[in-house]
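So you can see what is in the structure, the chains are spelled out below.
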Amino acid sequence: MTQPYYETMYILRPDIPEEEVETHVTKYRDLVTEAGGEVLDCQMRGKRRLAYSIAKNREGIYVQLNHNGDGQQVAPLERAMRLSEDVIRYLTVKQDGPMPAPRSTTGAAGEAQEQPAGA
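All of these numbers come straight from a predicted model, not from anything done at the bench.

Engineer: So what's going on with a negative patch on the surface? Residues and values would help.
Structural biologist: Taken together, the side chains of Glu18, Glu19, Glu20 and Glu22 define an acidic patch exposed on the protein surface. Accessibility expressed as a relative area gives 31% for Glu20, which makes it partly exposed.

Engineer: Lay out the packing of aromatic side chains with the relevant residues and their values.
Structural biologist: Under the criterion given, the structure shown has one aromatic pair. With centroids separated by 5.2 Å and ring planes inclined at 75°, the aromatic side chains of Tyr10 and Tyr28 adopt a geometry described as edge-to-face. In this pair, Tyr10 is assigned in strand S1 (residues 5-12) and Tyr28 in helix H1 (residues 18-34), connecting sequence segments 18 residues apart. Here Tyr10 and Tyr28 have matching classes, each one buried.

Engineer: Go over the sheet that holds strand S4 (residues 87-95), please, and point to the residues and values.
Structural biologist: Read from one edge to the other, the open sheet built from four strands follows the order S2-S3-S1-S4, with strand pairing classed as antiparallel. One side of each edge strand has no neighbouring strand; the edge strands of this open sheet are strand S2 (38-54) and S4. In this sheet, adjacent strand axes meet at a mean angle of 20° when their direction is disregarded. In the sheet, S1 pairs with S4 via eight bridges, with the strands oriented antiparallel. Among the inter-strand pairings, Met9 is bridged to a residue of S4, identified as Leu91. Lying on the sheet, H1 is in contact with S1, S2, strand S3 (57-68) and S4; it crosses S2 at an angle near 130°. Sheet contacts for helix H2 (residues 74-83): S1, S3 and S4; angle to S4, the most-contacted strand, approximately 165°.

Engineer: Run through H1, naming residues and quoting values.
Structural biologist: Compared with the 24 Å implied by 1.5 Å per residue over 17 residues, the 24 Å span of H1 between its first and last C-alpha is a close match. Where H1 is concerned, the buried positions are Val21, His24, Val25, Tyr28 and Val32. All buried residues of H1 fall inside an arc of 95° around its axis, so they share one side. Structural note: H1 exposes Glu19 and Glu34 on the side pointing more than 90 degrees away from its buried face. Count one or two residues on from H1 and you reach Gly36, which has phi positive near 95°.

Engineer: Outline the packing of H1 against H2, supporting the account with residue identities and numerical values.
Structural biologist: With their axes 9 Å apart at the nearest point, H1 and H2 run at an angle of 150° to one another. One finds that H1 runs roughly antiparallel with respect to H2. Both H1 and H2 take part in a crossing whose hand is right-handed. Contact residues: Tyr28, Leu31 and Val32 in H1; Pro76, Leu77, Ala80 and Met81 in H2. Partitioned by chemical class, the residues of the contact of H1 with H2 number seven nonpolar, no polar and no charged.

Engineer: Account for the environment of Arg45, with residues named and values stated.
Structural biologist: Residue position: Arg45 is located in strand S2. For Arg45, a relative accessible area of 25% translates into the label partly exposed. The sequence separation of Arg45 and Tyr62 amounts to 17 residues, and the corresponding C-alpha distance is 5.0 Å.

Analysis parameters
- Residues numbered from 1 in each chain as written.
- Predicted model: local features only at pLDDT ≥ 70, side-chain atom pairs only at ≥ 80, totals over all residues.
- Heavy atoms only, no water.
- Patch = residues over 30% accessible without salt bridge, like charges linked within 9 Å, V, L, I, M, F, W, Y side chains within 5 Å.
- Areas by Shrake-Rupley, 256 points an atom, 1.4 Å probe, with all protein chains shown as cover.
- Salt bridge = Lys/Arg side-chain N within 4 Å of Asp/Glu carboxyl O.
- Lys, Arg positive; Asp, Glu negative; His and termini not counted.
- Charge placed at Lys NZ, Arg CZ, Asp CG, Glu CD.
- Buried < 20%, exposed > 50% of the residue type's maximum accessible area, 1.4 Å probe, protein only.
- Phe/Tyr/Trp six-rings, centres within 6.5 Å; stacked < 30°, edge-to-face > 60°.
- Helix = DSSP H or I, 4+ residues; strand = E, 2+ residues; numbered from the N terminus.
- Pairing = 2+ DSSP bridges.
- Axes fitted to C-alpha atoms, helices over the stretch in contact; angles between N-to-C directions.
- Contact = heavy atoms within 4.5 Å.
- Expected span 1.5 Å × (residues − 1).
- Arc of directions from axis to C-beta.
- Parallel < 35°, antiparallel > 145°, perpendicular 65-115°, else oblique.
- Left-handed = near helix turned anticlockwise from the far one by under 90°.
- Nonpolar A, V, L, I, M, F, W, Y, C, P; charged D, E, K, R; others polar.

Remember that the coordinates give geometry; whether it matters functionally is a separate question.
Below you can see the structure in the form of structure tokens.
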């Protein structure tokens, strides 16, 4: 049986500089480890168009953070995101099942072939 893990997806404002994005990413990774969790994977998903306007923003910088722990690391992480003016949305989901392999930059064809094997 596999151990559950947490997946936090958050969206940063699109107008912040790239070095500030890196600062936010390291800040949230450190918050998870300080609260007793373990960071499994952190992926920058890049700037994407939002389905609807959030706080007058039509785009956002997506970041996915996968982490392990007993659940006590979620509250301080979400509190820090709620207080930050640069985070416009966040969501943490508890995942059961195997941790997905980090995606490579091979393209959509490679990902489509991997999908049926895991299902």
